[in-house]
Amino acid sequence: LCERLKTDSVATALIVNALEYLANGKGAAAVQSAVNGAAEKKFYNLGIDFTHYVDLRPFCNMGFRDEVANDRTGGWLDFGAADLREMPVGHQAMRGVSFDVINPGYNNGKSMISLAGKPRVDIDRSYFPKEVKGIKVGARLKQLFFLHSCMWVTDELKEKEVLRYVIRYKSGKTADFPVIDGTDIADWEHPEDHKNALTAFIDSKDVGIYIACWPNPSPQDAIESIDIISTGGAVPGVIAITGERDL
């Protein structure tokens, strides 16, 4: 796994679950069980001085709130109320990484990149772009963190590539990060941690998004830009990208 992967604060869990004990009387066993669970939970310890936000604003094509499904406007992946309207905006710390989550109110209603997918005959999001190219980075980075998720990972698409990030260096070299279902991303319903997909945000509908980490094999070579390419199966959405500076 990526560098700086550590455990969550057990002390924090102790406080939270002690309050739960006081509220519902579950007792010390419940508190200890929750603390043990927190000790197993992972997070990235990326200091703010090492944080490099990648600006997605010029490339966003959807917001977070979607009122009407299949109308090619609105938010998330155009499935109506099955949207991300509860998504917090601004600089958000998620599992130890700070992300610049775009406020659609300050970006012409756009806050994320929704990409093409057609997982079934009756689920067609081919009207979204298949690829987005030239997302400017302009920095030497040790690793990249991608905040993303997807919908409609059918049985035929499980453990398959959902999308791909192409990293373009100043030297002219390129590197690929193929994002695999069940490893680097997963369906947004009932989210849980995977090998390289940590749950970053879960809303009241029990749907959410993930963080995937990509260690840069050439940290001394400045990253010029990033392309994002959908495989056209499950429908993916990219919300933010953060890099760890190589100081």
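For the structure itself, consult the block above.
In short, a report on the structure. (Residues numbered from 1 in each chain as written. Predicted model: local features only at pLDDT ≥ 70, side-chain atom pairs only at ≥ 80, totals over all residues. Heavy atoms only, no water.)

So, on to the overall build of the chain. Looking only at helices and strands, one finds two helices and 14 strands in the chain. Counting all 247 residues of the chain, 48% fall into the buried class. Intrachain contacts of the chain at a sequence separation of at least 6 include 69% that bridge at least 24 residues. For the chain, the exposed area adds up to about 11500 Å²; of that, 52% sits on carbon and sulfur atoms. (Helix = DSSP H or I, 4+ residues; strand = E, 2+ residues; numbered from the N terminus. Buried < 20%, exposed > 50% of the residue type's maximum accessible area, 1.4 Å probe, protein only. Contact = heavy atoms within 4.5 Å. Areas by Shrake-Rupley, 256 points an atom, 1.4 Å probe, with all protein chains shown as cover.)

A word on the pairing of strand β14 (residues 235-245). The buried fraction of β14 amounts to 10 of the 11 residues, a majority that puts the element mostly inside the structure. For strand β3 (residues 51-54) and β14, the ladder comprises four bridges, and the chain directions are antiparallel. Counterpart to V54 in the pairing with β14 is I241. Alignment of strand β6 (residues 113-114) against β14, held across two bridges, turns out to be antiparallel. Bridging from a neighbouring strand, I113 pairs with V238 of β14. Pairing analysis gives 10 bridges linking strand β8 (residues 141-151) to β14, with the strands arranged antiparallel. Note that in β14 the partner of C150 across the bridge is P236. (Pairing = 2+ DSSP bridges.)

Along the polypeptide, N216 turns up in the loop between β12 (208-215) and β13 (223-230). Among residues more than four places away in sequence, those in contact with N216 are L141, K142, Q143, Y169, D221 and I223.

Tracing the sequence through the fold places A186 in the loop between β10 (174-180) and β11 (198-202). The class of A186 is buried, set by a relative accessible area of 5%. Sequence spacing of A186 and K158 is 28 residues, and the spatial spacing of their C-alpha atoms is 8.7 Å. Other than its neighbours up to four places away in sequence, A186 contacts S149, C150, D181, H194 and Y210.

Another aspect to go through is the nonpolar core. If you look at the biggest cluster of nonpolar residues, it comprises 32 residues, and the most contacted ones within it are Y165 and I226. Counting only elements with at least two residues in this core, the list comes to β7 (131-139), β8, β9 (161-169), β10, β12, β13 and β14. Per-element tally for this core: the top contributor is β9, with five residues. What Y165 contacts, discounting residues up to four positions off in sequence, is F146, H148, A175, D176, F177, V179, I226, D227, I228 and V238. (Core = buried A, V, L, I, M, F, W, Y, C linked by side-chain atoms within 4.5 Å.)

A few words on the packing of aromatic side chains. For the structure on display, the rule yields six aromatic pairs. Ring plane angle 35° and centroid distance 5.2 Å describe the contact between W76 and W188, whose orientation is recorded as tilted. Note that W76 is positioned in the loop between β3 and β4 (90-94) and W188 in the loop between β10 and β11, a separation of 112 residues in sequence. Each member of the pair W76 and W188 is classed as buried. Over the face of the ring belonging to F79 we find R125, whose NZ or CZ atom lies 4.0 Å from the ring centre. One Lys or Arg, K173, reaches over the ring of Y169 and ends 5.5 Å from the middle of that ring. (Phe/Tyr/Trp six-rings, centres within 6.5 Å; stacked < 30°, edge-to-face > 60°. Lys NZ or Arg CZ within 6 Å of the ring centre and 35° of its normal.)

Glancing now at the sheet that holds β10. If you walk across this open sheet you meet the four strands as β7-β13-β9-β10, and the pairing is antiparallel. In the strand order of this sheet, the two ends are held by β7 and β10, each with one partner. Between one strand axis and the next, the sheet turns by 20° as a mean value, whatever way the strands run. Here β9 runs beside β10; their pairing, made up of seven bridges, is antiparallel. Residue pairing across strands places E161 opposite I180, the latter belonging to β10. (Axes fitted to C-alpha atoms, helices over the stretch in contact; angles between N-to-C directions.)

The next subject is the side chain of D221. Along the polypeptide, D221 turns up in the loop between β12 and β13. Although D221 is buried, it forms no salt bridge, and the closest oppositely charged side chain is K173 at an N-O distance of 4.1 Å. Here D221 is in contact with R140, Y169, K170, S171, K173 and N216, once residues within four sequence places are set aside. (Lys, Arg positive; Asp, Glu negative; His and termini not counted. Salt bridge = Lys/Arg side-chain N within 4 Å of Asp/Glu carboxyl O.)

The quantities given are spatial measurements derived from coordinates; they are silent on function.
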